[in-house]
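# Close look at the chain arrangement
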Amino acid sequence: MENVLDVKNLGISFGGLRAVNDFSVSIKKEQLYGLIGPNGAGKTTIFNLLTGVYKPDSGKIILDGTDVTGKSTIDINKAGIARTFQNIRLFSQLSVLDNVKVGLHNNHSYSTVESIFRLPRFHKVEKEMNEIAMELLEVFGLKEDANVQAQNLPYGQQRKLEIARALATKPKLLLLDEPAAGMNPNETEELMEMIRFVRDHFHMTILLIEHDMKLVSGICEQLTVLNFGEVLAQGDTSTVLNDPQVIKAYLGE
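The following refers to the structure shown.

Cut-offs and rules
- Within each chain, residues carry numbers counting from 1 in the order of the written sequence.
- Owing to the predicted nature of the model, reporting of local features is limited to residues with pLDDT of at least 70; listing and counting of side-chain atom pairs is limited to 80 or more, with chain, interface and lining totals taken over all residues.
- Heavy atoms from the whole structure form the basis of all side-chain values; hydrogens and water molecules are not counted.
- Note on method: axes are straight lines fitted to C-alpha atoms, helices fitted across the in-contact stretch only, with angles between N-to-C directions ranging 0 to 180 degrees.
- Each helix corresponds to a stretch of at least 4 residues labelled H or I by DSSP, and each strand to a stretch of at least 2 residues labelled E; elements are numbered beginning at the N terminus.
- By definition in this entry, angles of less than 35 degrees are roughly parallel, angles greater than 145 are roughly antiparallel, angles of 65 to 115 are roughly perpendicular, and the rest are oblique.
- Each helix crossing is assigned a hand: it is left-handed if the near helix lies turned anticlockwise from the far helix by less than a right angle, otherwise right-handed if that turn is clockwise.
- Contacts were defined at the residue level, with two residues in contact if any of their heavy atoms lie within 4.5 Å.
- The nonpolar class holds Ala, Val, Leu, Ile, Met, Phe, Trp, Tyr, Cys and Pro. Asp, Glu, Lys and Arg form the charged class, and all remaining residues, Gly among them, are polar.
- Relative accessibility decides the category of a residue: with a 1.4 Å probe and only protein chains considered, values under 20% of the type maximum give buried, values over 50% give exposed, and everything between is partly exposed.
- Here a strand pair is declared whenever DSSP counts at least two bridges between the two strands.

## Regarding the packing of helix α6 (residues 155-167) against helix α7 (residues 185-202)
Closest axis-to-axis distance for the α6/α7 pair is 11 Å, and the angle between their directions is 15 degrees. As the angle between them shows, α6 and α7 are arranged roughly parallel. Of the two possible hands of crossing, α6 and α7 adopt the one that is right-handed. Of the residues in α7, those in contact with Gly 156, Lys 160, Ile 163 and Leu 167 of α6 are Glu 187, Met 194, Val 198 and Phe 202. Taken together, the residues of the contact of α6 with α7 break down into 5 nonpolar, 1 polar and 2 charged.

## Overview of unusual backbone geometry
The backbone of Glu 178 shows a phi angle near 45 degrees, a positive value even though the residue is not glycine. On the accessibility criterion, Glu 178 (11% relative accessible area) is buried. One non-glycine residue with positive phi stands out, namely Phe 228, at about 50 degrees. By secondary structure assignment, the location of Phe 228 is in the loop between β9 (222-227) and β10 (230-236).

## Side note on the packing of helix α3 (residues 96-104) against α6
Where α3 meets α6, the closest approach of the two axes is 7 Å, and the angle between their N-to-C directions is 30 degrees. Between α3 and α6, the angle is such that the two are roughly parallel. For the pair α3 and α6, the crossing hand works out as right-handed. For the pair formed by α3 and α6, the contact residues are Val 96, Asn 99, Val 100 and Gly 103 on the first element and Leu 161, Ala 164 and Arg 165 on the second. Taken together, the residues that form the contact of α3 with α6 break down as 4 nonpolar, 2 polar and 1 charged.

## Remarks on helix α1 (residues 43-50)
Of all 8 residues in α1, 7 are buried; the element is thus mostly enclosed. Of the positions making up α1, those classed as buried are Lys 43, Thr 45, Ile 46, Phe 47, Asn 48, Leu 49 and Leu 50. One or two steps after α1, the chain reaches Gly 52, where phi turns positive at roughly 85 degrees.

## Here we look at the sheet that holds strand β2 (residues 17-28)
Sheet strands associate in pairs through backbone hydrogen bonding, adopting either a parallel or an antiparallel arrangement. Strand order in the open sheet formed by 4 strands is β2-β1-β4-β5, and the pairing between neighbours is antiparallel. The outermost strands of the open sheet, each flanked by one partner alone, are β2 and β5 (66-67). Here 2 bridges tie strand β4 (residues 58-63) to β5, and the two strands are oriented antiparallel to one another. In the sheet register, Ile 62 faces β5, and the bridge partner there is Asp 67. The strands touched by α1 within the sheet are β1 (3-14), β2 and β4, with β1 carrying the most contacts at an inclination of about 115 degrees.

Shown next, in the form of structure tokens:
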């Protein structure tokens, strides 16, 4: 099976400090892949490199055969990488429906003039976006909440909405940044089922950062462990989690 993501020798420094050094990873289509490590290991920095928030000092990022190294956040999103955040970033004052429609503007658009004068194309595109957004909301059990303000959803439902909005951009690779953060054990179980469902239903490739080892061991097929910006271990999940170096890095023994 072909790789959706190939990262080769990625590196970045901040003020002389090497935050990520010689990071490489390959992720196959429809794989559930985990990126773990102690706090400050460089995980979020890698997500920021993959999404164009930071420009790497070295290395390559190849998405589905296309070099996206150093491109802007918008261009990388259009190329096919979408992400969620540890701290949920929804448009809290907008409705659930409108939050999803924001993600659809990558593939559905109309001009300012068409919008101002409500020309036929505006109505056509809005109708298409409404239909697609409602289909996504139905998949995530949010259809009945379409007109609710996003800020009024329970926490777990907000997580679902953020993932639905990311999927609206039609990504090739979905990055989930600590999706279980703030969740209780029951919600984490539901989240695991939802992530598997997203992979299977949308044929999605998923890379996630997570500290909840139950979630990681329960859904990730392969793992990369980071420590001080460098790869400590890489491979099958069970093998990696039983690696003495990984145990030492986490437990400090």
